[in-house]
Amino acid sequence: MKECVLVVEDDRMIRELISFYLRRDGYEVYEAADGEEAKSLFTTYYPCLIILDLMLPKLSGEAFCQWVKSQDDSVSIIMLSAKARIADRIAGLKMGADDYMTKPFDSEELLAQVEAVLRRTGRFCQKVVGAGICIMPRKGEVFLHQEKIDLTRHEFELLYFLMRHPNQILSREELIEQLYPNLEKTVLDRTIDAHIKKLRSKVETEAGKPHRIQTVRGMGYKFVTS
């Protein structure tokens, strides 16, 4: 599964068409028909990218964009609008949009823009929350019960990957392939174990509670959310 995308569009046919093409290309997609529903989905799923219509009921696209940027100004936004004037495009970009496309639009062009925007954000773009931990990847920040904790780059990347696959057993080979693709496996088997041990010392602070990062004997590790 690719990155999480939120499609905010009140026209059902347009919304479903965009979502169909995104899901076809492997993206995790959520849909909202108005600005208030979009706010709820945003705080639930923390998307990497928002495709945003400006003419929305309940809460305008402009107001929703401003709200999103007040929550996390690193979230990427592609605006869709029937307003084709240069002044409207400039206004949208100044609000924080990464791109501005006018209706009608070509679906394949929109997909290309989605790929281009997400390429710029890097592979760590989606905020992740679980078991009292919150990772803000584009800011490089990790919070445990709202208290900021310091991790090394390798610890950060390992925790992020584990939390992006909650309750799934991940083998050492999978972790190495994702995090250290160009390095020697025989060395990194021990390296992964060492990073896990250090991670636990920083995120397993509640005495008597089960580990968030659990060892599955003979198989690997998993991040447990409950």
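Heads up: the structure comes first, above all this text.
An account of the accompanying structure is given in this report. (Residues numbered from 1 in each chain as written. Predicted model: local features only at pLDDT ≥ 70, side-chain atom pairs only at ≥ 80, totals over all residues. Heavy atoms only, no water.)

## Considering the sheet that holds strand 5 (residues 99-102)
Here five strands make up an open sheet; going across it, the order is 2-1-3-4-5 and the pairing parallel. Of all the strands in the sheet, just strand 2 (28-32) and strand 5 have a single pairing partner and so form its edges. Across the sheet, the axes of successive neighbouring strands diverge by a mean angle of 15°, strand direction being ignored. Where strand 3 (residues 49-53) meets strand 4 (residues 76-81), five bridges bridge the pair, whose relative direction is parallel. Of the residues in strand 4, the one forming a bridge with Asp53 is Leu80. Each of strand 1 (4-8), strand 2 and strand 3 is contacted by helix 2 (residues 35-45), which is oriented at about 155° to strand 2, the strand it contacts most. Strands in contact with helix 4 (residues 86-94) are strand 4 and strand 5; relative to strand 5, the strand with the most contacts, it is inclined by about 145°. (Pairing = 2+ DSSP bridges. Helix = DSSP H or I, 4+ residues; strand = E, 2+ residues; numbered from the N terminus. Axes fitted to C-alpha atoms, helices over the stretch in contact; angles between N-to-C directions. Contact = heavy atoms within 4.5 Å.)

## As for the state of the cysteines
Inspection of the entire model under this criterion finds one disulfide. Note on cysteine connectivity: Cys48 is disulfide-linked to Cys125, with sulfurs 2.1 Å apart. Here Cys48 and Cys125 share a disulfide; its torsion about the S-S bond, 85°, makes the bridge right-handed. Placement of Cys48 in the loop between helix 2 and strand 3 and of Cys125 in the loop between helix 5 (107-121) and strand 6 (128-130) is noted, with a sequence separation of 77 residues between them. Among the residues examined, Cys48 registers a relative accessible area of 1% and is labelled buried. Note on Cys125: relative accessible area 3%, which makes it buried. In this structure Cys65 is a free cysteine whose sulfur lies 17 Å from that of Cys48, the closest cysteine sulfur available. Residue classification places Cys65 among the buried positions, given a relative accessible area of 0%. As a non-bridged cysteine, Cys134 has Cys48 as the owner of its nearest cysteine sulfur, 14 Å distant. Residue classification places Cys134 among the buried positions, given a relative accessible area of 17%. (Disulfide = S-S within 2.5 Å. Buried < 20%, exposed > 50% of the residue type's maximum accessible area, 1.4 Å probe, protein only.)

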